[in-house]
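Geometric and topological summary
Chain residues, written in single-letter form:
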Amino acid sequence: MNLDEMLCTLGEAEMRDALAPFWDEAQRDCPPAAYAARFLTPEAIAESWRTGRFFTPDPPAELPGMARRIRGTPALLALAAYAHWRLFEGPRKPGQAGWPTLESFLGEDAGLFYLVVALGFIPSIQAYHRRLGLPSSVMEGTGLQIARYCDNYRRGRGRLGIYINQMSWLACYMPPSLYFRIGRFEYRKYLFCYPVRVFRRHSDHTTVTLAMNDLHFTPEGDHCLTDMPEPEGSWRPVFEVTEQATRGTPITPWGRAVRQVVELPHDEWECVLKPGDPILDMHIPSGGQMTPEAAESSMREAYHFFNTHFPKPHVRAIASYSWIFSNQIEECLPPEANLAQLQRRLHLLPCASQANSGLWFVFLQDGGFDPATARRDTSLQRAILDYLSRTGRPWQVNTMFVLGEDLEHLEAGIYRRQWPPSGLGLEAAPSQERL
Ligand SMILES: CC(C)(COP(=O)(O)OP(=O)(O)OC[C@H]1O[C@@H](n2cnc3c(N)ncnc32)[C@H](O)[C@@H]1OP(=O)(O)O)[C@@H](O)C(=O)NCCC(=O)NCCS
């Protein structure tokens, strides 16, 4: 079907620029009739639903009902085939710049339309993982993501569907990415991209992280929020490499920069992680129950898995950027909370973040985070809202890393216990009482 005809029927003319670059190629490579025969039959829907382990053993009637409606509506079918191809079969770069909301044509059923499309993720992942020769447990774990997205929608909207803003991420799991769920978390082979260098002392394995010049710090040593004016007293780090040593601004394991310069002689300290090094980029699917045991065993298993199945290049560390690793978590949740326990095991880093970034995953608000209308249903939501109103500070995101060789020692809080490192003239961090 012609793009303009489809847009006109669905009332989505303003989406033309987003869909035009790949429309004709998608219709040719993934003809709507062939797509319908493979992915929209009641059998195909039921098979994906069962494999994806949703909240009921069989799909609720609305789902095959929507698949039937798509099959019987040429404009919807053309869009569904386009979305399937764009996410799971065609070139993934550049990513899709937005999706039609379908509000005028489908109203509240728009999320259901996208859930039907998203079910195509499951056979696509199966085929890709088979080609890679991966164990079936990895495919089964990775395929759970659609059910988790579906949980979000049920929690936020109280009905069956998927949020449109979660669709584009599904392309990240497809070839040539190596992106799998292993245990509690998902990981993709990636390059470390945070402007810091991590050093380790030969004599006692102490870890020191130095900030590189393009970071901007608040007086407290957090990264300045990128969408707010820099506060008075903000400062830049020092970073230089001389013939004898690397000199620079250290970052505590709590993820705050210290306004001092330390000198790490080359013959005593080795750089063990720097921008461009291969790492595992970790992502956290929803679903709670992120116990420290589940977290640690997932990280250990993933590190071993990638370095065994995809050993070149060898990954040296795991890193993750998330609201979950904000260094405000420990000021907000009790020490026994899963997220607080996990943080004590990791090394945090300051990083660029907008105010209240990432809180969508907790409050699922359309149109950005608004504390006035945010839900207070769960203890996590209440704790975050109370923290924000008590301190008047916006939420900020941090990054975390762990080095592969430390994965067996996380429970002991290896990074915090080594702080402050001896011989560098650094003091205990203000938050050090919370080891
Ligand atoms: C991060 C996360 C896994 C934390 O799990 P956890 O701390 O182990 O959660 P628990 O199972 O211990 O639950 C603790 C409380 O948080 C609530 N909770 C769990 N996930 C939640 C979520 N996504 N949104 C809001 N509240 C949540 C639970 O209902 C529970 O509240 P209760 O005490 O009122 O019953 C969880 O917040 C989550 O699933 N988040 C969505 C995914 C996400 O944010 N990914 C990162 C994207 S950058």
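Residues numbered from 1 in each chain as written. Predicted model: local features only at pLDDT ≥ 70, side-chain atom pairs only at ≥ 80, totals over all residues. Heavy atoms only, no water.

**Topic: the environment of Asp281**
Mapped onto the elements of the fold, Asp281 is located in strand S9 (residues 278-283). Exposure remark for Asp281: the relative accessible area of 8% places this residue in the buried category. As a C-alpha pair, Asp281 and Ser357 span 76 residues in sequence and 18 Å in three-dimensional space. Of note is the side chain of Asp281, whose polar atom sits 2.8 Å from the side chain of His283. (Helix = DSSP H or I, 4+ residues; strand = E, 2+ residues; numbered from the N terminus. Buried < 20%, exposed > 50% of the residue type's maximum accessible area, 1.4 Å probe, protein only. Polar contact = N/O pair within 3.5 Å; in protein donor to acceptor, adjacent residues only side chain to side chain.)

**Some remarks on the domain arrangement of the protein**
When its domains are assigned, the protein resolves into domain 1 (3-175) and domain 2 (178-435). For domain 1 and domain 2, the distance between their C-alpha centres works out to 34 Å. Every contact between the two is made by 21 residues of domain 1 and, on the other side, 20 residues of domain 2. Summing both partners gives a buried area of about 1800 Å² for domain 1 against domain 2, and 56% of it is carried by carbon and sulfur. One can count one salt bridge joining domain 1 with domain 2. For Arg157, the salt bridge goes to Asp366, with nearest N and O atoms at 2.8 Å. Linking domain 1 with domain 2 are eleven residue pairs in polar contact (both at pLDDT 80 or more), by the criterion used here. For the side of domain 1 that touches domain 2, the secondary-structure elements that each account for two or more residues are helix H9 (121-132), helix H10 (136-142) and helix H11 (145-157). No other element matches H11, which puts six residues into the side of domain 1 that touches domain 2. By residue class, the composition of the side of domain 1 that touches domain 2 is ten nonpolar, eight polar and three charged. (Domains from an automatic or database assignment. Contact = heavy atoms within 4.5 Å. Buried area = accessible area lost by both parts, 1.4 Å probe. Salt bridge = Lys/Arg side-chain N within 4 Å of Asp/Glu carboxyl O. Nonpolar A, V, L, I, M, F, W, Y, C, P; charged D, E, K, R; others polar.)

**Quick word on the nonpolar core**
The biggest cluster of nonpolar side chains holds 67 residues, and the ones touching the most others in it are Tyr187 and Met299. Here this core gets six residues from one element, more than from any other, and that element is helix H12 (residues 292-309). Residues from two domains meet in this core; each of domain 1 (3-175) and domain 2 (178-435) gives at least three. The next biggest cluster of nonpolar side chains, apart from the first, holds 63 residues, and it includes Ala67, Phe113, Ile122 and Ala147. (Core = buried A, V, L, I, M, F, W, Y, C linked by side-chain atoms within 4.5 Å.)

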